Each structure stands twice: as C-alpha cells, then as structure tokens.
Amino acid sequence: MNQRQINQIVEGVKTTDGAGVNLTRIIGSPELNMLDPFLLLDEFGSDNPDDYIAGFPPHPHRGFETITYMLNGKWQHRDSAGNEGKLGEGSVQWMTAGRGIVHSEMPIQTDGLARGFQLWLNLPKEKKMIEPAYQDIESEQIPFVKNDKGTVKVISGEYNGTIGPGKSHTPVLIMDIRLNPESEISIPVMDGWNAFGFIYEGDVKSGESLSKGQLAIYNTEGNIHFKTNGTQASIYLVAGEPLNEPVARGGPFVMNTRGEIIKAFEDYQNGSFTP
Ligand code: FE2
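Residues numbered from 1 in each chain as written. Predicted model: local features only at pLDDT ≥ 70, side-chain atom pairs only at ≥ 80, totals over all residues. Heavy atoms only, no water.

Peer 1: Kindly report on the overall build of the protein, identifying the contributing residues and their values.
Peer 2: Counting its secondary structure elements, the protein contains one helix and 25 strands. For 275 residues, the compact-globule estimate of 2.2 N^0.38 gives 19 Å, and the C-alpha radius of gyration of the protein, at 18 Å, lies within 12% of that figure. C-alpha atoms of the protein, sized along the principal axes, occupy 55 × 45 × 35 Å. For the protein, buried positions account for 54% of its 275 residues. (Helix = DSSP H or I, 4+ residues; strand = E, 2+ residues; numbered from the N terminus. Rg over C-alpha atoms; globule rule 2.2 N^0.38 Å. Buried < 20%, exposed > 50% of the residue type's maximum accessible area, 1.4 Å probe, protein only.)

This is the structure in structure tokens:
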C-alpha cells in the first residue's frame, strides 16, 4: 500500500471568536479556506481563564455540522432544539445544525486548562435543510485500539474493525492518535478522500517531519503513515469524502448559493429560523 504524501503544511492563525475566546484557526483561514468537506478547524487551548471564560453566547448556525472534541476542561452546551449537554475531558459534542439552530457553548470551569478542537463538517446540498440534531458522546463511549504502538481513539468511521460512535451525513474518519516514542503506524484512508493530520503534541515523521502546531494536508491516495523517533506524539487525524459542491459562506451559515445565505439571515431576523 503506498503512503500518502503531504501536499501542504499550515500552522493556522491566532484569532478570537465568540465573546472573546482566544483560539487558533487552522482551517477556515486566509491560508486554507477549506478542505472539502471540512469548512473550519479551530484549536482552543489555554490555562488562562481570560482566554476562554467569556465563551460562545447564543449564536445561530445553518447548513453544516459542528464537532467539538474536548481534550481538557468542562463546558456546557445548550441549543434551541432543547438539547443540553456537558462536555468533559475526552468527550465529543456533535451538532447537526441542518435548517437552523441557535446554541451557546460556555465554560463551566473558572480555572485550569481548557483545550480542544472544533471542526465544521459540511452537509451535502440535499441535507442542508434537515431537522437539527445533537449527539452527546461521553469519553467512555469512544472506543479505542491500544497496542505497543500507542492508542487510537475512533470518534467516527472505522479503524481495525473498531467503529466510532459519531454519526455523520457524509462519510468521514475522525480519530485521536497517541503514539509511543519509538513507534510506527499506518492508517488506511479511502482513496479519493481528503485528509489532514494536526500534530497537537510532540514530533512525528509522516513522509516529512512535523511538529506540534502543524497541520499536514495529504494527497488523496494511499495510507497515512506516522513514525515517532524518541518523543511521544498526538495527532488529530481527520478524513472525508469531498462533496464537490459549491460553497457559499456567510458568517455562521454555510450554504450552496449567495441567495441561500441571504435567506438564512432573513429567516434568522424574522424569527422563522428555528422550529
Ligand atoms: Fe457554534
């Protein structure tokens, strides 16, 4: 099986979002607008509450899914469909905005480390206006494959017969890989899928050398290979089948045409946005 080559390495840009949460935007930035079907990837991570305490007060979304994976910290989610969930260490909150949802994401903790990722997964054209849905996935519900190489947590998709609990509307693979200091692993990914690996701890070789804070974007053929040399490495690995559909963005809305974005703003303003 041939090994995927890296096409591009990006490091993201520091920015703020919500009510003033400091974060790094890795996908959805001027350098990397999107990687079909992924529209955005943010890493938030700080042990200074000033960086996150203001949280994300109520705001709308339409046309895609948000997948939040917490490495550390405790947050609370509430939405207009009546869903409520606590995000603890190692948990995942999978929200399908569909035709429209208004939600808030606020920290419960007032001190300590809060760290995680938010990924935006596009919805196919015919599913953009589906009813909103929510999956609250506790850390204990996420299966993992553990061996002498390290641990692979499968959040969505399949690895070595282990199937992750996250249910998407377009085929994806989402995993958290923690590699031991001297180890090597090969992850099968469907040919034709786009894939990226974000190194959030340590250094790793994946054809090229990658270090903490770097995102590698791969070509679309073969397995993804990682090798550590003396240090542990943690990688957030994500792959998905591209939709190859037009993308129109307008702040918290992602549709296929400009007209649909204008309609989303109108619906939100006139109150017909949420069920
Ligand atoms: Fe949001």
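Peer 1: Give me the nonpolar core: which residues, what numbers.
Peer 2: Formed by 27 residues in total, the largest nonpolar core has its most connected members in Leu 41, Leu 119, Ile 174, Phe 196, Leu 215 and Tyr 236. Setting aside its immediate chain neighbours within four residues, Tyr 236 contacts Leu 41, Tyr 69, Phe 117, Leu 119, Ile 155, Ile 174, Met 175, Phe 196, Gly 197, Phe 198 and Tyr 200. Among the nonpolar cores identified, the runner-up in size contains 25 residues, and Ile 185, Leu 210, Ile 224 and Ala 239 belong to it. (Core = buried A, V, L, I, M, F, W, Y, C linked by side-chain atoms within 4.5 Å. Contact = heavy atoms within 4.5 Å.)

Peer 1: So, the coordination of the iron ion: which residues are in play, and what are the values?
Peer 2: Within the protein, His 59 (NE2), His 61 (NE2) and His 103 (NE2) serve as the donor atoms for the iron ion, at 2.1 to 2.2 Å. Along the chain, the residues donating to the iron ion fall in the pattern H-x1-H-x41-H. (Donors = N, O, S within 2.8 Å, 3.2 Å for Na, K, Ca; no water.)

Peer 1: Requested: an account of the pairing of strand S8 (residues 84-87), with residues and values cited.
Peer 2: Side chains Gly 85 and Leu 87 project from S8 onto a buried face, and the interleaved Glu 84 and Lys 86 project onto a face without burial. Note: strand S7 (residues 75-79) against S8, four bridges, orientation antiparallel. Counterpart to His 77 in the pairing with S8 is Gly 85. The hairpin formed by S7 and S8 contains four residues between the paired strands, and Gly 82 there has a positive phi angle of roughly 90 degrees. (Pairing = 2+ DSSP bridges.)

Peer 1: Describe in detail helix H1 (residues 258-270), supporting the description with residues and values.
Peer 2: An ideal rise of 1.5 Å per residue puts 18 Å on 13 residues; H1 measures up with 19 Å between its terminal C-alpha atoms. What H1 keeps buried is the set Ile 261, Ala 264 and Asp 267. For H1, the arc enclosing every buried residue in end-on projection is 120 degrees, short of the 170-degree limit, so these residues lie on one face. Facing away from the buried side of H1 by more than 90 degrees, the exposed set consists of Arg 258, Gln 269 and Asn 270. (Expected span 1.5 Å × (residues − 1). Arc of directions from axis to C-beta.)

Peer 1: Help me get a handle on the side chain of His 59, residues and values and all.
Peer 2: Along the chain, the position of His 59 falls in strand S5 (residues 56-61). The class for His 59 is buried, based on a relative accessible area of 19%. A distance of 2.8 Å separates a polar side-chain atom of His 59 from the backbone oxygen of Pro 57. At 3.2 Å, the side chain of His 59 forms a polar contact with the side chain of His 61. Sequence-distant contacts of His 59, defined by excluding residues within four places in its chain, comprise Ile 101, Val 102, His 103 and Glu 105. (Polar contact = N/O pair within 3.5 Å; in protein donor to acceptor, adjacent residues only side chain to side chain.)

Peer 1: Outline unusual backbone geometry, listing residues and values.
Peer 2: Here the amide bond leading from Asp 36 into Pro 37 is cis, since omega sits at 5 degrees, within 30 degrees of zero. With respect to the helices, strands and loops of the structure, Pro 37 is situated in the loop between strand S3 (21-27) and strand S4 (38-46). Positioned with a positive phi, Asn 244 is a non-glycine residue whose angle comes to about 55 degrees. Take Asn 244: it is sitting in the loop between strand S23 (233-240) and strand S24 (248-250).

Peer 1: Pulling in residues and values, what's your account of the sheet that holds S8?
Peer 2: A sheet is described by the order of its strands in space; here four strands give the open sequence S5-S10-S7-S8, paired in antiparallel fashion. In this open sheet, the two edge strands, each paired with only one partner strand, are S5 and S8. The sheet shows a mean angle of 20 degrees between the axes of neighbouring strands, taken without regard to direction. (Axes fitted to C-alpha atoms, helices over the stretch in contact; angles between N-to-C directions.)

Peer 1: So what's going on with the sheet that holds strand S11 (residues 114-122)? Which residues, and what values?
Peer 2: Strand order across the open sheet formed by seven strands is S2-S3-S4-S11-S6-S9-S12, with antiparallel pairing between neighbours. At either end of the open sheet lies a strand with only one pairing partner, and these are strand S2 (13-17) and strand S12 (133-137). Each neighbouring strand pair of the sheet contributes to a mean axis angle of 20 degrees, computed without reference to strand direction. As defined by bridge partners, strand S6 (residues 64-72) adjoins strand S9 (residues 92-96) across five bridges and the pair is classed as antiparallel.

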